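Structural characterization, general
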Amino acid sequence: MIPILDTHLHLLYTEKFHYDWCDDLPSLAKDFKLGQFEDIVSEHELAGSLFMEVDVRESEIAGEAHFFSELAADDSNSLLGVIAACRPESEKFESLLEETLTDKVCGLRRVLHTQPDEISQSSLFRRNLQSLAKRNLPFDLCFTQAQHPIAAELVEACPDTSFVLDHCGVPNIDPADFDAWKKSMQALAEMPNLNCKVSGIIAYCASAEAATLETLRPWIETTVESFGVERCLIGTDYPVCNLTAGVQPWLGMVREFFASFSESEQEAIFNRNAQRVYGISI
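Conventions used here
Residues numbered from 1 in each chain as written. Predicted model: local features only at pLDDT ≥ 70, side-chain atom pairs only at ≥ 80, totals over all residues. Heavy atoms only, no water. Helix = DSSP H or I, 4+ residues; strand = E, 2+ residues; numbered from the N terminus. Expected span 1.5 Å × (residues − 1). Bend = angle between axes of the 7 residues up to and from the residue. Buried < 20%, exposed > 50% of the residue type's maximum accessible area, 1.4 Å probe, protein only. Polar contact = N/O pair within 3.5 Å; in protein donor to acceptor, adjacent residues only side chain to side chain. Pairing = 2+ DSSP bridges. Contact = heavy atoms within 4.5 Å. Patch = residues over 30% accessible without salt bridge, like charges linked within 9 Å, V, L, I, M, F, W, Y side chains within 5 Å. Areas by Shrake-Rupley, 256 points an atom, 1.4 Å probe, with all protein chains shown as cover. Salt bridge = Lys/Arg side-chain N within 4 Å of Asp/Glu carboxyl O.

Some thoughts on helix 9 (residues 263–278)
Relative to the 22 Å expected for 16 residues at 1.5 Å per residue, helix 9 spans 22 Å between its end C-alpha atoms, a close match to the ideal helical length. Along helix 9, the sharpest change in direction is near 50° and occurs at Ile269. Along helix 9, the residues classified as buried are Gln266, Ala268, Ile269, Phe270, Asn271, Asn273, Ala274, Gln275, Val277 and Tyr278. Directly after helix 9, the chain includes Gly279, whose backbone phi takes a positive value near 65°.

Printed below as a string of structure tokens:
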């Protein structure tokens, strides 16, 4: 079995950090620690995981990155690196980044799907993302389906920066919206500096019962066809995936969907692309 490198693992340590966005999601307003995750996925042959920032308060960004970098430096667990939060819209971007970066930080993200569209359209935001190219740091994009044109503008404005589109572009899992999503995903995929995570979409299903491979196959299939096997990565989006069916069913769906792909193609999607994009080794 080819090991999967999980590129999108959220961990919540409520005694250390504040997760204000969980206030309206009681099922997520509790601890989700690394040991718990490792126990749950112990049978699923993971090569390791990358911690994905969890939208803590701005004053906690550097602390979050350093705390999880220390975990990633411990060879006794499965954490390999950290995708840290940042604030490209801030005049203090560089100074905050210097406080945040460690040798385990392999990427950056600013949650944008909950923010005004204007944030990513400013010249300051774009200049700061352009500066990531010289640091060899990719930037994860979290935009909704309706924001795809804005995502395209941002990627186009930063041609030397590497980007990763989270969660298949956050689609509406509704057949009525599929064609519009497919068209905009194909347009995004034309940009060579943009990769895409097959992740997260299980949480967008209407219910746990609806969260099946039969339901999600068209969205996974289109993502892979659009971006190709050399630009797709896998993420669990734990524990957000628990809003419907959970991480074990999701990993089962991933294995089943890609079972017909060649060994080389599976290696690329499951771990080789992630190693290239984030500059890590397994």
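Description of the environment of Ser122
Within the element layout of this structure, Ser122 appears in the loop between strand 4 (105–109) and helix 4 (123–130). Judged by relative accessible area, which is 27%, Ser122 ranks as partly exposed. Of the polar contacts made by the side chain of Ser122, one reaches the backbone nitrogen of Phe125; its length is 3.0 Å.

Things to note about the pairing of strand 3 (residues 79–85)
By the criterion of burial, strand 3 is predominantly enclosed, with six of the seven residues buried. Across four bridges, strand 2 (residues 46–52) lies against strand 3 in parallel orientation. Note that in strand 3 the partner of Leu50 across the bridge is Gly81. Bridge analysis of strand 3 against strand 4 gives four bridges, and the strand direction is parallel.

Topic: helix 5 (residues 148–157)
Residues of helix 5 that are buried: His148, Ile150, Ala151, Ala152, Leu154 and Val155. Against the buried residues of helix 5 lie helix 4, strand 5 (139–141), strand 6 (163–165), helix 6 (175–189) and strand 7 (194–198).

Overview of a nonpolar patch on the surface
On the surface, Trp21, Leu25 and Leu243 cluster together into a nonpolar patch covering about 220 Å² of accessible area. Note that Leu25 resides in the loop between strand 1 (4–9) and helix 1 (34–40). The exposure class of Leu25 is partly exposed, given its relative accessible area of 30%.

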